[in-house]
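Residue-level structural notes
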Amino acid sequence: MTALLSVQRVTKVFGGLTAVDAVNLDIAEQSITSLIGPNGAGKTTLFNCLTGLHRPEVGEILFDGDTLIGLRPDEITDRGVARTYQNIRLFGRMTALENVLVGQHLRLHASHWSAVLRTTRQQVEEREAREFARELLDFVGLHGREEVVSTNLPYGDQRLLEVARALGSRPRLLLLDEPAAGMNPSETERMMELVHRLRDEKGVTVFLIEHDMKVVMSISESVAVLDYGEKIAEGTPEEVRANARVIEAYLGPDVAVQETAGTASS
Amino acid sequence: MPLQTATGAVRTGLVAFGFLGYLILIGIPAKLGGPALPVLALVAALFFWLILRRESAGLSAVGTGPVPASLERKAGWEIGPQSASDASSVRERLPYQLSQSVLLKGLLAGATLGILIAVVSGIAAAAMGNGIAIQPVFDKIVPINVAALIGVSPGQIPQAEVPFFRYLLQVLFFTGAGLLASLAAAAGRSGLTHAAPIAKLSEQVSGPTIASASRYAGIALPFVLLAYIGWLGLPGVSAFGSNEGTVRLLFTLVATGSGLFAWRLSLPGRERSIVAVLLGLGVLTLPFILDQFQNSVMGLVFIFVMMGLGLNIVVGYAGLLDLGYVAFFAIGAYTYAFLSAPFSSPYISNLLNILGISPETPLLGYWTALPVAMLTAAIGGILLGIPVLRLRGDYLAIVTLGFGEIIRLFMLNLGELTNGPRGILEISQPNLFGLSPATVTSGLLSSQGWTFFVALISSALVAFVAIRLNSSRLGRAWFAMQEDEDVAEATGVHLVRTKLLAFAIGATFAGMAGQLYAARQINIFPENFSLFVSIDALALIIVGGIGSPAGIVLGALALKGLPEVLRGVDEYRIVAFAALLVIMMIVRPAGILPSARRRIQLADPVEAGLDSTAEPVEETDLVEQTGTSKQTANGQEEAK
């Protein structure tokens, strides 16, 4: 299988701190890959590099064979990369439906003149956009919440809405930044199921950051581990779980010596 | 009664005293004459009602859960258990306590106000009776006003022996006002909770028939007022003596404003379109029936409506605080001025002479110059937009402020081009199919009437474009950008294009307004385009309700129209508006007719507060209920 996303020697430096240090990573099409690592390991920075919020000093990011370096965030979204945020960043005063409609912004092409004149074409496009937004909300499990203002949604639903908004741009690669953070077990369960359905039903490649090891181990096909900006391990969940450097990064060097093949639970 | 309620009530009374004291100071009682006291009491009641209603809104929202059956039966005054710990008893308790505290608060606030006014008018009357001159500047205003307030005609002041009962009457009147306000506030809210007897009463009284009757009355109001304005304009009718012109203007402002409320009161669908068409026709007749003065004021009001709608795109929709908006207004005005009166500009007349064109005649007419003025302003908008693309918030405000001043200083100092402070003179008025509007309408439409008419049509057009754009994907992108610029960009919004479009469209509207302003003024000078124009435009959208076109019309009526009504008390006009703005922001922080989104934002703190105090188990439940009850409450507010 060819790599959909290929990260090559990407380095991002903030002043004296190397947040991401020469990371190489390949993500196969239609896979579910997790990125784990202790706090401050550079996971979100890597995501920001991928989505154009940061520009890496060194390295190359190829998406479907084309470089993403130097593109604006909206251009990267246009290529088919969408994301959610660690601390939820919805458009708070907009309704759930409107949030997803903003997500579709790139895929709507009616001119502003046609919006003033309400031409048939523009009306049809708007109607279809609304239908698609409803579909997406149904898909993530927010049926009936279309008109709720997003800040009034329960926490778990806000996370789901972020996914729906990201899906609005019809992405091929979806980056989820700690999708299950702060969720209770049943919400986490729902989110895991959603990640599977994203891949199986929508054909979206999922790349996620997650701290909950239960989630990581059960849904990922491959796992990459970052520590102090460096990639220290990569492989199937089982391989990563047994990796000595990973255990060291998570539990400290002493423990790593004692537990040769222990479980790396957070 | 909790001490908190008492101090709150006294404070409310003091604020009301400040407000009424201001009204007295600007001479309202003297203008009203005999009925001064009851009218002021009504004003006070309205003021109290607005404050109390807001308080009862915040509190009763908690109590609007499913009302326990027991509560429905024992509607009365008894206060529930003081130490209620579980959520259901909180619900049971609050409505009772609420209506009682609101009632007490109204009474106490009214009494405070009444006593203060009685004491002050007593002191003033005593001072006047003894021939003590108060400050010279107040001398011409205070005596007759105080006299009117205590029911004495101005001529009698020096000898007036004011009986004690007149002061008592003042206290009673204002206490009554407080009571009235609290009853209205409590009834309006607790109707949902079946809490107090008043609620029962109001429910019985305002059944569906009355409610729909009052709705129709609200819809009919602007038409009645328009008819009255027309009647006032008939020859030989004189209702208010020397004040007639201003009174008619006041009615025009109220009629236009109430038209917006009538439109909101009408049911969406056929009724609304009928109301809209009739209102449109009604307002369009105004330029024909008003006199030159009233037309000129209304023309200015609607020029500012255009400005407000344009600035609203930048500030209200896209969230970019622009304090230099006057620049585009000036660009539009000067562009038309150059095209219409090239002889006023030394540079342009030289240029035209060299080219062999006579600078004595206008280069373009009003309508052919319109696209040019709009385009020039739009280019100005883009030129401002490019350097400030990366700026946000305060920094953006400062840079735009500077831009506005730069344009004004250009106009002032580019003497060769703009004729400097001597200005551009003899700008031509817009015509009607090549003829002067007065000839076409056989004298019915004066020059100012025509300006008003053009301003009305242009405002309608601008509002139409603004509303349509806002409900399209561009509007969503603007709003997303306002909410979170980075996320909007990552979600796929092209920030540069979207921002520049906001600046350009906003500037275009200001250019249109500026052109009409130039035509209205005939002569324009750099001083016409000072910072205060920007501030006026910003103030009117804040007062009216950011993001809400109807609110902007109301804001323009209030901020540009009302001062003209108060011309008679010129020196206090500015104080009036400072006070009005402060009161507005306390009473209706989201503006007179806020947009739905703005309401959501300002409702947040209340909800957050409820969220943290509510029982954890009931939390989401409660928040949802408050959300919905808030929506219905807002619906009711609009209905009023």
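Just so we're clear, the structure is a prediction, and the values are computed from it rather than from any experiment.

Quick notes on the rules
Residues numbered from 1 in each chain as written. Chains lettered and ligands numbered in written order. Predicted model: local features only at pLDDT ≥ 70, side-chain atom pairs only at ≥ 80, totals over all residues. Helix = DSSP H or I, 4+ residues; strand = E, 2+ residues; numbered from the N terminus. Buried ≥ 20, exposed ≤ 12 C-beta atoms within 10 Å, placed from the backbone. Rg over C-alpha atoms; globule rule 2.2 N^0.38 Å. Pairing = 2+ DSSP bridges. Axes fitted to C-alpha atoms, helices over the stretch in contact; angles between N-to-C directions. Parallel < 35°, antiparallel > 145°, perpendicular 65-115°, else oblique. Left-handed = near helix turned anticlockwise from the far one by under 90°. Nonpolar A, V, L, I, M, F, W, Y, C, P; charged D, E, K, R; others polar. Expected span 1.5 Å × (residues − 1). Contact = placed C-beta atoms within 7 Å. Right-handed = clockwise from strand over helix to strand, strands pointing away. Domains from an automatic or database assignment.

Re the overall build of chain B
Check the secondary structure of chain B and you find 28 helices and zero strands. Looking at chain B as a whole, 46% of its 640 residues qualify as buried.

Some details on the overall build of chain A
Counting its secondary structure elements, chain A contains eleven helices and ten strands. The C-alpha radius of gyration of chain A comes to 19 Å, within 12% of the 18 Å expected for a compact globule of 266 residues. Considered along the principal axes of its C-alpha atoms, chain A spans approximately 70 × 40 × 35 Å. Here chain A holds 266 residues, and 46% of them are scored as buried.

A word on the sheet that holds strand E6 (residues 81-83) of chain A
Residue and element names in this part refer to chain A. Strands sit in the order E6-E7-E8-E3-E9-E10 across an open sheet of six strands; the sheet is mixed. The two strands at the open ends of the sheet, each matched to only one other strand, are E6 and strand E10 (230-235). Each strand of the sheet is rotated relative to its neighbour by a mean of 20°, with strand direction disregarded. Sheet analysis places strand E9 (residues 222-227) next to E10, joined by five bridges and oriented antiparallel. Its bridge partner being in E10, Asp227 is matched across the sheet by Glu230.

Focus on the pairing of strand E2 (residues 17-28) of chain A
Residues and elements named next belong to chain A. Of the pairings in the sheet, the one linking strand E1 (residues 3-14) to E2 comprises eight bridges and is antiparallel in character. Opposite Val7, over in E2, you have Leu25 as the bridge partner. Where E1 folds back onto E2 in an antiparallel hairpin, the turn is made up of two residues, including Gly15, whose phi is positive at roughly 55°.

A few points about unusual backbone geometry
Residue and element names in this part refer to chain A. Look at Gln30: it is not a glycine, yet its phi comes out positive at around 60°. Located in the positive-phi region is Arg118, a residue other than glycine, with phi close to 50°. Its location among the elements puts Arg118 in the loop between helix H4 (112-117) and helix H5 (120-140). Given 14 C-beta atoms within 10 Å, Arg118 falls into the partly exposed group.

Focus: the packing of helix H16 (residues 366-385) of chain B against helix H23 (residues 495-521) of chain B
Residues and elements named next belong to chain B. At a closest axis distance of 7 Å, the pairing of H16 and H23 adopts a crossing angle of 140°. Classified by the angle their axes make, H16 and H23 are oblique. The crossing of H16 and H23 is right-handed. Residue classes in the contact of H16 with H23 are distributed as 16 nonpolar, nine polar and one charged.

Re helix H17 (residues 393-413) of chain B
Between its first and last C-alpha, H17 of chain B extends 30 Å over 21 residues, near the 30 Å set by a 1.5 Å rise per residue. Looking at the buried residues of H17 of chain B, the elements they touch are helix H14 (326-340), H16, helix H18 (415-418) and helix H24 (531-544) of chain B.

Re the interface of chain A and chain B
Quite often, the size of an interface is put as the accessible area lost when its parts meet. The interface of chain A with chain B comprises 29 residues on the first partner and 27 residues on the second. Counting only elements with at least two residues in the side of chain A that touches chain B, the list comes to helix H2 (73-79), helix H3 (96-103) and H4 of chain A. Taken together, the residues of the side of chain A that touches chain B sort by class into twelve nonpolar, nine polar and eight charged.

Here we look at the sheet that holds E2 of chain A
Residues and elements named next belong to chain A. The strand order across the open sheet built from four strands is E2-E1-E4-E5, with neighbouring strands paired in antiparallel fashion. Strand pairing shows two members of the sheet lacking a second neighbour, E2 and strand E5 (66-67), which therefore form its edges. Along the sheet, helix H1 (residues 43-50) makes contact with E1, E2 and strand E4 (58-63), crossing E2 at roughly 65°.

Quick look at the pairing of strand E8 (residues 205-209) of chain A
Residue and element names in this part refer to chain A. Counting buried positions along E8 gives five out of five residues, so the element sits mostly inside the fold. With burial as the criterion, each face of E8 is covered, one bearing Thr205, Phe207 and Ile209 and the other bearing Val206 and Leu208. Sheet topology note: the strand E7 (residues 173-177)/E8 ladder contains five bridges and is parallel. Bridge assignment links Leu175 to a residue of E8, and that residue is Phe207. Taking the sense of rotation as the criterion, the β-α-β connection linking E7, helix H7 (residues 185-202) and E8 turns out right-handed.

A word on the environment of Ser472 of chain B
Position of Ser472 of chain B among the secondary structure elements: in the loop between helix H20 (447-470) and helix H21 (473-483). We classify Ser472 of chain B as buried; it has 22 C-beta atoms within 10 Å. Not counting the four nearest positions on each side in its chain, Ser472 of chain B is found in contact with His112 and Ala115 of chain A.

Observations regarding the environment of Ser222 of chain A
Residues and elements named next belong to chain A. With respect to the helices and strands, Ser222 occurs in strand E9. Since 18 C-beta atoms lie within 10 Å of it, Ser222 is described here as partly exposed. Along the chain, Ser222 and Val240 lie 18 residues apart, while their C-alpha atoms are 8.8 Å from each other. Once residues lying within four places of it in the same chain are set aside, the contact partners of Ser222 are Ser31, Thr33, Glu234, Gly235 and Thr236.

Comments concerning the domain arrangement of chain A
Residue and element names in this part refer to chain A. What the domain assignment lists for chain A is domain 1 (1-80 + 171-266) and domain 2 (93-170). One C-alpha centre belongs to domain 1, the other to domain 2, and the line joining them spans 28 Å. At the junction of the two partners, domain 1 supplies twelve residues and domain 2 supplies eleven residues. Among the secondary structure elements, those contributing two or more residues to the side of domain 1 that touches domain 2 are H2 and H7. Top element by residues in the side of domain 1 that touches domain 2 is H7. It accounts for four residues.

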